[in-house]
Amino acid sequence: MSATPPAPTNVSIVPHTHWDREWYAPFQTYRVQLVHLVDGLLDLMEGDASYTRFLLDGQTAVVDDYLEVRPEAADRLAELVTDGRLQVGPWMVLMDEFMISGETIVRDLQLGISRTRTLGGDATVGYLPDMFGHVAQMPQLLQLAGIDHAVVWRGVPAEIDRTAFWWDAPDGSRVRAEYLYGSYSNGRDLPRDPSLLVARARGYVAELGDAALPGGGLLLMNGSDHLVPQKHLGALVAAANDAQTDFRFAITSLAEHVARQPVDGLQTWRGELRSGARANVLMGVASNRVDVHQAAAAAERALERRAEPLSALFVDADQYPHRLLALAWRNLVLNSAHDSSCACSADEVVEAVRVRYQEARHIGEALSNVALTGLAAQVVAPESSTIVVNTTARPRAGAITFTVPGRGPLHLQAVDDGSVHAAQVVGERGGHGLDTIVTGQKVRWVLEMMRGPELAGARITRVDRQRRADGVEEFTFHDAGPGDPELDLETTRDELLALGEAGATIAIHQLRAPVRDVVAVVPDIPGFGWRTFIPVDGTPVDGEPPATKLRRTALNTNAQRRSFVFGDGRVLENEQVRVEVDAGDGTLTIETDGMRITGANRYVDGGDGGDTYNYSPPAVDRLVDRPDTVTIDTLETGPVRARLLVTSTYRWPTHAIGDEHACSARSDDVADSTVRTTLELRAGEQFLRVQVAVDHRTRDHRLRAHFPLPTTVTASHAECAFAVVERGLTAEGGPHEFGLPTFVSRRFVDAGGLALLHDGLLEYEVVDDGRELALTLLRATGYLSRSEPSLRPNPAGPLDALEGPQLQTPLTLEFAVCLHRGDWHDAGIADAADDFLVPLERVRGGGWPGASRPATGAALAIDGARPSAITRDDDGALVIRLVNLSSDDATARVDGTGQVVNLVGEPLRPFADSVALRPWEIVTLRVD
């Protein structure tokens, strides 16, 4: 009796193209190629029934970019999607998960799924082929969108030794992850000869070895970057199947392939995928163009933390700016594409990215102003009052800056309870504005600046006229201050015109109203609420304005220094923090709550022979960690804000030596570089604000700020998308990339009792065996990719020389330093990041007819979880996304009732006033 022949090995062939929307060429250049590719693809699929499937890279932006040029092809394309032959989505673009906020990832997924469905498709696989590593919460995000499978390449650790594994998020959510062993191009350029296709399959079996899943099939991804479909594929597969029985080839989709693969006995991996064991993760993109990362952070905050919550809570639902916000989010999501957000692209591409970030931010700022003005019109408040608005969930204090007419000291008084709060005048303005003498008809150019009550853009309250002894007619225009009546200037225009026609000589003077620039710390602003204050001239009667609920723990015997911030000479001090600047090297000694570090904020400059993808130290480096000169100036002394300016000059080597290969040694040529560091301490804050300004003219180098840690550590904690992740002191590398432990944080990194809060400074490293934390301020390089940098043996892209990444421009970099006891959670570091990055809003109030809101109030109460989004859906309902940013169970309390929904708005279960959250769980609420 003959033995039963073994079943053939199934080989899934997924035809695809990996489409970088913009990269080493601009978007429009690539779009021309895209149009030709999709034109040919549609013809091919309609004319050849054997070419049954094609994956359009898992992103819907490719479809829309094509249809914008070929709108007449919409029905043809949608028919192929509806029939399951053409796969799109679930993403709008293939983002980089570490360069952008968690909320941007969500919007990318929502926009992609929505567009996929309108095209007739079904997004069931989380296709993640070329991201430079993966965030810990990706499995939860996929599950919340109804997706059970992920397909990944980069970042999979050596511990995973098979082609599939269970991938768990911190909250316990799980997806099955298919690992693209050999990359998303492992089946590119398949031969025309069926025997050679069989040989290719045998070779892949040998390459997989023990990594192949028992009972599983092979997956060949038939495509690569910008490749067109292989037209002979259908005939090739049929011929190969007819010629042998060892393999059964099929042109298929990822969804069909993963549905047939084993799920038993898989390994489990929990958390982020950041290993370079088998594929490089190109960790240097976090520091290559700090200007781009700053622009991204600013634009995301403008929408997530300002425009959306302010519009959702203070603009009528039927006036909610859906279309404008959609335009802004489209720009943000388009920029989230990995080559765009990582700034590893041609200079022209990066400039387009910067413009999109700016446009998104501009929309966010404008919509925020509209919402704040609308709120001010609703609040019953005295004339010239200041309404302070809090766009975070927790009640908090904070500094505001504003202008007040007049001169001399002042303070604020709360309208609700009459309490007084300190204000600090940081500048006074006034004096002469327009000042000129004209003769005859030349007066007309002055008249062109007069419109109604305005002269030269300022509103006028009074005009004085006199004839001088020399016969000159003199007109003095007095600018109107707040509350002053405005004068229509039509009569004055007629007088000036008549004098000009008579040939008179006329002197025009404009007196600006005196104005004070003021900073104040105001307390007890309700979460998602407001509080109203009025400026009062002079200091409070006791001579010591109580600016905030400051603890009166004795720093010394001086009463004012006990209560407020103080700055003088080399010292900044408030009731929580003391900072002293070393006059020799400009480093800091920081003390708080019995903790003390010295030598903090030491700038260390070294060469960089890398590229936009990876830092690479020169074979012979010259580190510079001490300035040649240091000067310290006191800018502000308190009592609300104190600031010191530390000006340091360094002799930095001007450039590294080398061509497209790794540089061999750092230059011996040096030039003076001046770094201006502004140190700022505010009353009541637990952290020191640091602003670093440099007119950057050094090339091929990396500049980092180093901070000794209060306690030696074996790990760091960093905020990323919807989580705070723990990382050790090493990183796993492999043959394609050295495992350099430079990691990414989104808003803060914490280690050993020291937290660094930052604005777009994404890269950090724990150095000196866990005794010091280094924050990368900038990294300058001159190549898109080099061929053989010392930490990566192969190029990561074209060997194009670039000028943009050298960042030859003035730069301003901002971060904050917070010493604390306990861990990051107990110390409230996430809240401190809000205090640093999300300032209180203010708007002028008073004098609005029909106002009905009280002077103090709140539009929404949330407690027990952190809001990620406050928006309105297309039906006008309030939508709130929350995350439990902790390892403990939590109960979130929210005003109202409604439905817990998934990320695409489908109801899951009802809620009423509260919802339970697992550790690290994300929930989205639709409030009735």
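What counts, and where the lines are drawn
Residues numbered from 1 in each chain as written. Predicted model: local features only at pLDDT ≥ 70, side-chain atom pairs only at ≥ 80, totals over all residues. Heavy atoms only, no water. Helix = DSSP H or I, 4+ residues; strand = E, 2+ residues; numbered from the N terminus. Buried < 20%, exposed > 50% of the residue type's maximum accessible area, 1.4 Å probe, protein only. Contact = heavy atoms within 4.5 Å. Areas by Shrake-Rupley, 256 points an atom, 1.4 Å probe, with all protein chains shown as cover. Lys, Arg positive; Asp, Glu negative; His and termini not counted. Charge placed at Lys NZ, Arg CZ, Asp CG, Glu CD. Polar contact = N/O pair within 3.5 Å; in protein donor to acceptor, adjacent residues only side chain to side chain. pLDDT = per-residue confidence, 0-100.

## Details of the overall build of the protein chain
Right, so step 1: Along the backbone of the protein chain there are 16 helices and 49 strands.
Right, so step 2: When the backbone C-alpha atoms are referred to their principal axes, the protein chain occupies close to 125 × 60 × 60 Å.
Right, so step 3: Per-residue burial over the protein chain gives 59% buried out of 928 residues.
Right, so step 4: For the protein chain, the share of sequence-separated contacts (at least 6 apart) that also reach a separation of at least 24 residues comes to 74%.
Right, so step 5: When the accessible surface of the protein chain is summed, it comes to about 34700 Å², and 49% of that surface belongs to carbon and sulfur atoms.
Right, so step 6: Of the charged side chains in the protein chain, 88 are positive and 129 negative; the average position of the first set lies 2 Å away from that of the second.

## Here we look at the side chain of Thr104
Right, so step 1: Assignment of secondary structure puts Thr104 in helix α4 (residues 102-118).
Right, so step 2: Of note is the side chain of Thr104, whose polar atom sits 3.0 Å from the side chain of Ser101.
Right, so step 3: Those residues within four positions of Thr104 in sequence are excluded, and the remaining contacts are Glu300, Glu304, Trp329, Leu332, Val333 and Ser336.

## Things to note about the confidence of the model for the protein chain
Right, so step 1: Per-chain confidence: the protein chain averages 94 in pLDDT, with 96% of residues scoring 70 or above.
Right, so step 2: In the predicted structure, residues 543-563 sits below a pLDDT of 50 and forms 46 contacts with residues beyond four places in sequence or in another chain.

## Let's talk about unusual backbone geometry
Right, so step 1: Between Gly89 and Pro90 the backbone carries a cis peptide bond, its omega angle lying at 15 degrees.
Right, so step 2: Structurally, Pro90 can be placed in the loop between β3 (86-87) and α4.
Right, so step 3: Cis peptide bonds are those with omega within 30 degrees of zero, and the linkage from Gly638 to Pro639 qualifies with 15 degrees.
Right, so step 4: Note on placement: Pro639 falls in the loop between β27 (629-637) and β28 (641-653).
Right, so step 5: In the Ramachandran plot, Leu282 falls in the positive-phi region, its phi being about 55 degrees despite a non-glycine side chain.
Right, so step 6: Take Leu282: its relative accessible area is 1%, and that puts it in the buried class.
Right, so step 7: If you check the backbone angles, Asp769 has positive phi at about 55 degrees while not being a glycine.
Right, so step 8: Positionally, Asp769 belongs in the loop between β39 (763-767) and β40 (772-780).

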